[in-house]
Amino acid sequence: MCSVDTIVAEYTGYQIDLVSRSPLLGSIELSGQDDEVINLKISKSDAERLMSELARFIAAEPSA
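S.K.: In this structure, what is going on with the environment of Glu53? I would like to understand it.
M.R.: For Glu53, the position within the fold is in helix α1 (residues 44-59). Look at Glu53 and you get partly exposed, because its relative accessible area is 42%. Sequence separation of Glu53 and Ile38 is 15 residues, and the distance between their C-alpha atoms is 21 Å.

S.K.: Quick question: what am I supposed to make of the pattern of salt bridges here?
M.R.: Note on pairing: side chains with opposite charge can pair once their charged atoms come close. All chains considered together, the criterion is met by 2 salt bridges. Between Glu53 and Arg56 there is a salt bridge, with its nearest N and O atoms 3.2 Å apart. Within this pair, Glu53 and its partner Arg56 are both found in helix α1, separated by 3 residues, close to a single helical turn.

S.K.: Would you take a moment to explain the confidence of the model for the chain for this structure?
M.R.: Low pLDDT marks stretches whose predicted atomic positions should not be read closely. Chain-level pLDDT for the chain is 87 on average; 94% of the residues reach the 70-or-more range. Per-element confidence in the chain ranges from a low mean pLDDT of 86 for strand β1 (residues 9-11) to a high of 95 for strand β2 (residues 17-21).

S.K.: Teacher, can you tell me more about a nonpolar patch on the surface here?
M.R.: A cluster of nonpolar side chains, namely Tyr11, Tyr14 and Ile16, defines an oily patch on the protein surface of about 420 Å² accessible area. With respect to the helices and strands, the residue Tyr11 is situated in strand β1.

S.K.: Looking at this structure, I do not really get the layout of surface pockets. What am I missing?
M.R.: Remark: the empty space left among the atoms is shown by a probe the size of a water molecule rolled over them. Considering only enclosed or pocket space, the largest pocket measures out at about 180 Å³ in volume. It is α1 that provides the largest number of residues to the lining of the largest pocket, a total of 4 residues. For the lining of the largest pocket, the class distribution of residues is 8 nonpolar, no polar and no charged.

S.K.: Teacher, can you tell me more about the environment of Leu18 here?
M.R.: Relative to the helices and strands, Leu18 resides in strand β2. Sequence separation between Leu18 and Phe57 is 39 residues; the distance between their C-alpha atoms is 26 Å. For Leu18, the contacting residues outside a window of four places in its chain are Leu24 and Leu25.

S.K.: Looking at this structure, I do not really get the pairing of strand β3 (residues 24-32). What am I missing?
M.R.: One ladder, built from 3 bridges, connects β1 with β3; its direction is antiparallel. Bridge pairing in β3 links Tyr11 to Leu30. Across 4 bridges, the pairing between β2 and β3 is antiparallel. Counted as the bridge partner of Arg21 is Leu24 from β3. Following β2, the chain reverses through 2 residues before pairing antiparallel with β3. One ladder, built from 7 bridges, connects β3 with strand β4 (residues 37-43); its direction is antiparallel. Residue pairing in the sheet places Glu29 in a bridge with Asn39 of β4.

Reading guide: rules and limits
- The residue numbers shown here count from 1 along each chain, following its written sequence.
- Only residues with pLDDT of 70 or above have their local features reported here, since the model is predicted, and side-chain atom pairs are shown and tallied only from 80 upward, although totals for entire chains, interfaces and linings are computed over all residues.
- To get the side-chain values, all heavy atoms of the structure are used, and hydrogens and water are removed first.
- By the criteria applied, helices consist of DSSP H or I runs no shorter than four residues and strands consist of E runs no shorter than two, each listed in order from the N terminus.
- Relative accessible area decides the class of each residue, using a 1.4 Å probe on protein chains only: under 20% of the type maximum gives buried, over 50% gives exposed, and in between gives partly exposed.
- Here, a salt bridge means any Lys or Arg side-chain nitrogen found within 4 Å of an Asp or Glu carboxyl oxygen.
- Residue-level confidence of the predictor is summarised by pLDDT, bounded by 0 at the bottom and 100 at the top.
- Patch definition: residues with relative accessible area over 30% and no salt bridge; like charges joined within 9 Å; nonpolar side chains (Val, Leu, Ile, Met, Phe, Trp, Tyr) joined within 5 Å.
- Values of accessible area rely on a 1.4 Å probe in the Shrake-Rupley scheme; residue burial ignores everything except the protein chains shown.
- Using only the protein atoms, space was sampled on a 1 Å grid; points where a 1.4 Å probe fits but cannot get out form cavities, open sets with protein on both sides within 12 Å along at least five of seven lines form pockets, and lining residues are those with an atom within 4 Å of a point.
- Grid points are joined across faces, edges and corners, and a volume is the space filled by probe spheres set on the points.
- Residues are grouped as follows: nonpolar covers Ala, Val, Leu, Ile, Met, Phe, Trp, Tyr, Cys and Pro; charged covers Asp, Glu, Lys and Arg; every other residue, Gly included, is treated as polar.
- Pairs of residues are marked as contacts when any of their non-hydrogen atoms sit within 4.5 Å.
- If DSSP finds at least two bridges between two strands, the strands pair.

The structure is reproduced here in C-alpha cells:
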C-alpha cells in the first residue's frame, strides 16, 4: 500500500484558501506525522480530478 517514501497526512479542515484567481489555485492544510503542517497547493484541474476520484471512493462504500 504505502511505501517508505509515502507521507501520511490527514485533512483536518473544510476551508480551501484562495491563492490565485488567474490561474485558479488554492491551498489546503493537512496535518502530517508528528503534527507537522503540510500546505497542499491545488489547481482547478487537480481539484476536478480529486473530486472525481473522491466520488468513486465514496461510491465504493458498501451499503449498510
